[in-house]
Amino acid sequence: IYISGEDNVVTLTASTLTGNEANNDGGAIYIEGIVPDSDPVTPTNNQLIARFNSFFDNYSYNNGGGIYIDDNAIATLFGSVVLGNNEWSV
């Protein structure tokens, strides 16, 4: 799941994200926190609200095997399990 743009709020409830692989950041979820091209320091106000989810055995080749939260993004997890995720940083 890739959350980009501006002022997006994604709610994920009672889901399982497993066995995902990213070539860059965030094996299961990547939340973009800045607008990289137009204004690289303006926050996007993007958010993830996750309730009762499982994130396991996800992989990224850079950062955030399970969940990657970029600058100024927000992630709130309630009753969720994040387990066995891995990354290979260059």
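See the structure shown above.
Nothing here was measured: the structure is a model prediction, and the numbers come from that model.

### A few points about the overall build of the protein
And step 1. The secondary structure content of the protein amounts to zero helices and 14 strands.
And step 2. Relative to its length of 90 residues, the protein is compact, with a C-alpha radius of gyration of 13 Å against a globular reference of 12 Å.
And step 3. For the C-alpha atoms alone, the extent of the protein along its principal axes is close to 35 × 30 × 15 Å.
And step 4. Buried positions account for 33% of the 90 residues belonging to the protein.
And step 5. Sequence-distant contacts, at least 24 apart, represent 82% of the contacts inside the protein between residues at least 6 apart.
And step 6. As displayed, the protein offers around 5100 Å² of accessible surface, 49% of which is attributable to carbon and sulfur atoms.

### A few points about the pairing of strand S8 (residues 47–51)
When a strand is regular, its side chains alternate between the sheet's two faces.
And step 1. As paired strands, strand S2 (residues 9–13) and S8 are joined by five bridges and run parallel to one another. Bridge pairing in S8 links Thr 13 to Arg 51.
And step 2. Both S8 and strand S12 (residues 74–78) contribute to a ladder of five bridges, which runs parallel. Across the sheet, residue Ile 49 finds its bridge partner in S12, namely Thr 76.

### Points about the nonpolar core
And step 1. Ile 3, Leu 12, Leu 17, Ala 28, Ile 29, Ile 31, Leu 48, Ala 50, Phe 55, Ile 67 and Ala 73 form the largest nonpolar core, which has 11 residues in total.
And step 2. Where this core is concerned, the elements lending two or more residues are strand S5 (29–31) and S8.
And step 3. Residues within four places of Leu 48 in sequence aside, it is in contact with Ile 3, Val 10, Leu 12, Ile 29, Ile 31, Ile 74, Ala 75 and Thr 76.

Cut-offs and rules
Residues numbered from 1 in each chain as written. Predicted model: local features only at pLDDT ≥ 70, side-chain atom pairs only at ≥ 80, totals over all residues. Heavy atoms only, no water. Helix = DSSP H or I, 4+ residues; strand = E, 2+ residues; numbered from the N terminus. Rg over C-alpha atoms; globule rule 2.2 N^0.38 Å. Buried < 20%, exposed > 50% of the residue type's maximum accessible area, 1.4 Å probe, protein only. Contact = heavy atoms within 4.5 Å. Areas by Shrake-Rupley, 256 points an atom, 1.4 Å probe, with all protein chains shown as cover. Pairing = 2+ DSSP bridges. Core = buried A, V, L, I, M, F, W, Y, C linked by side-chain atoms within 4.5 Å.

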